[in-house]
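# Structural overview for review
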Amino acid sequence: MENVNKILLTMRHINKNFPGVVALSEVDFTLRMGEIHALMGENGAGKSTLIKVLTGVEEFETGEIKLDGYDHAIVNRSPQEAQGKGISTVYQEVNLCPNLTVAENLFIGREPKKFGMIDWKTMNQKSNEILKNLNISIDVTVALENYSLAMQQMIAIARAIDMSAKVLILDEPTSSLDDGEVEKLFVLMKKLKSQGIGIIFVTHFLEQVYEVCDRITVLRNGCLVGEYEVEKLPRVQLVAKMMGKDFDDLASIKKDNLEAEKKSGTLVIDAKHLGATGTIKPFDLQIHEGEVIGLTGLLGSGRSELARVIYAADKADSGELFVRGKKAVINAPIDAMKAGMGYLPENRKEEGIIADLSVRENIMIALQAKKGMFHRLSVKEQEEFTDKYIELLQIKTADREVPIKQLSGGNQQKVILARWLLTNPEFLILDEPTRGIDVGTKTEIQKLVVKLAKEGMSIMFISSEIEEMIRTCNKMAVLRDGCKVGELSESELNQDSIMRAIAGGEADE
């Protein structure tokens, strides 16, 4: 299109500090009309802060923001003010009202009125027109909660566009979507691009950047590394720029560590016909000392449900569980903890972190629960344990008393990991431990998993990324439609075997 190179938004020399942390230092960013621009960097690089400065969630100390259509620099003091200027954000966690209809969500706060009452007919008609323009065909009179997360995100995008968005910010919109849903979202993004909208795409998925984006801006430690055209920046170079160092092929992780010596063979977890009606069909599963077992399958296949039943986050109603040869009575997570288990859940925001508590309190909470309320850990003990794991896992925080909600997603994940490592579990369940975090932190977590296994810990590793499962796991259980359909041995762990096992036919036990 003729205005494809027209500058839509510029941010120049942006500086932002938090207590003890330089969040942004002299950062520049440029968005053009009709482009999809990836904003990339490790967790803590400054991506979220730059978005918050742009949308008025945070104030910046110095710098300048200019937007097409304004003959002076702009300052947004709230997201509403930014939206009024045509800057809208759609987050990973859709910020709409699930109990209201699609039409109500599209027009919330600006409903068409007739005789002082909401004009439902007009609102539903306009909603259909908005969605039709974006090639979305759904019933707008149905409650939003009845649609998939992917569709809810598209509705959030449609609302933003109808409010005259010039700049659309998509913050990790694909983290919880399957491949088909991602493809539908990309079709919509490309359509909006063709209409001249500038899209800022925040993601950790490299392949998605190369599929849909035109340019990439890389941040590192609050500083601008550079702006690049996608087609001129090889993936290896992009990762190196994000990390600030050459990045070795992760395929060496297993080779260097897991081939060292055979495991003792002691059976740690033995599930016999364990299941929970409506979530996971009865399954058998054995996990030995020093083994990393992966759970693979499409979204909704039952991976998380299997893990939750073992840990009693969901209560089993069939079968038996043996821990080191002894029948275990595990009716609640506290029983699982006392039996030597740890569980890092998939949804860290809702089930992992306690946002208003400090890093120290978040790390200590599981060990204190395991010891019981009558065996209180002293403040000195807590500080020593916390400092040990902050250093061990390289958690980036100003100090141990900072509220965990102020940390980046990757560092929050490390805090939860520290919480469970502190309990010294014999069996650790990691459900999507690297989702939504940067490449560097992913590598650190994968290496840590292999190291812990080498030291004798048994680990269950759940991931949507098959490549990282191949790098870290000794064997893999395959799930489909809420049922364990087979297992793959270490010699069978390659992409072709795994994809065939997921797609059909039972894998050999």
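Residues numbered from 1 in each chain as written. Predicted model: local features only at pLDDT ≥ 70, side-chain atom pairs only at ≥ 80, totals over all residues. Heavy atoms only, no water.

### Section: the overall build of the protein chain
Counting secondary structure elements, the protein chain contains 18 helices and 21 strands. The C-alpha radius of gyration computed for the protein chain amounts to 24 Å, which stays within 12% of the reference 23 Å derived for 509 residues, consistent with globular compactness. For the protein chain, the residues scored as buried account for 53% of the 509 residues in total. For the protein chain, the proportion of contacts with a sequence separation of at least 24, taken over those separated by at least 6, is 66%. (Helix = DSSP H or I, 4+ residues; strand = E, 2+ residues; numbered from the N terminus. Rg over C-alpha atoms; globule rule 2.2 N^0.38 Å. Buried < 20%, exposed > 50% of the residue type's maximum accessible area, 1.4 Å probe, protein only. Contact = heavy atoms within 4.5 Å.)

### Brief notes about the packing of aromatic side chains
What the rule picks out here adds up to three aromatic pairs. Look at Phe186 and Phe201: their rings are 6.2 Å apart centre to centre, the planes differ by 90 degrees, and that puts the pair in the edge-to-face class. Pair noted here: Phe186 is in helix 6 (residues 179-194) and Phe201 is in strand 9 (residues 198-202), with a separation of 15 residues, a long-range link. This pair shows no difference in class: Phe186 is buried, exactly as Phe201 is. With 5.1 Å between their ring centres and 40 degrees between their planes, Tyr311 and Tyr343 make a pair best called tilted. Separated by 32 residues along the polypeptide, Tyr311 in helix 10 (residues 303-311) and Tyr343 in strand 17 (residues 341-344) bring together distant segments of the chain. On the accessibility criterion, Tyr343 (7% relative accessible area) is buried. In this structure an aromatic cluster arises from ring pairing among Tyr311, Tyr343 and Trp420. (Phe/Tyr/Trp six-rings, centres within 6.5 Å; stacked < 30°, edge-to-face > 60°.)

### Description of the pattern of salt bridges
Tallied over the entire structure, the rule returns 24 salt bridges. Measuring nitrogen to oxygen at the nearest pair gives 3.5 Å for the salt bridge that ties Arg400 to Glu383. Residue Arg400 is found in the loop between helix 14 (379-392) and helix 15 (409-422), and its partner Glu383 is found in helix 14; the two are separated by 17 residues along the sequence. When the shortest N-O distance is used, the salt bridge between Lys451 and Glu455 registers 2.9 Å. Take Glu455: its relative accessible area is 55%, and that puts it in the exposed class. (Salt bridge = Lys/Arg side-chain N within 4 Å of Asp/Glu carboxyl O.)

### Some words on the pairing of strand 12 (residues 267-276)
Among the ten residues of strand 12, seven are classified as buried, and the element is accordingly described as predominantly covered. In the sheet, strand 12 pairs with strand 13 (residues 280-288) via six bridges, with the strands oriented antiparallel. By the bridge assignment for strand 13, Asp270 is matched with Gln286. Counting the residues in the hairpin turn of strand 12 and strand 13 gives three residues, including Gly278, whose phi is positive at 90 degrees. When strand 12 meets strand 15 (residues 318-323), the two strands line up antiparallel, connected through five bridges. Each residue of the ladder has a partner; that of Lys272, found in strand 15, is Glu320. (Pairing = 2+ DSSP bridges.)

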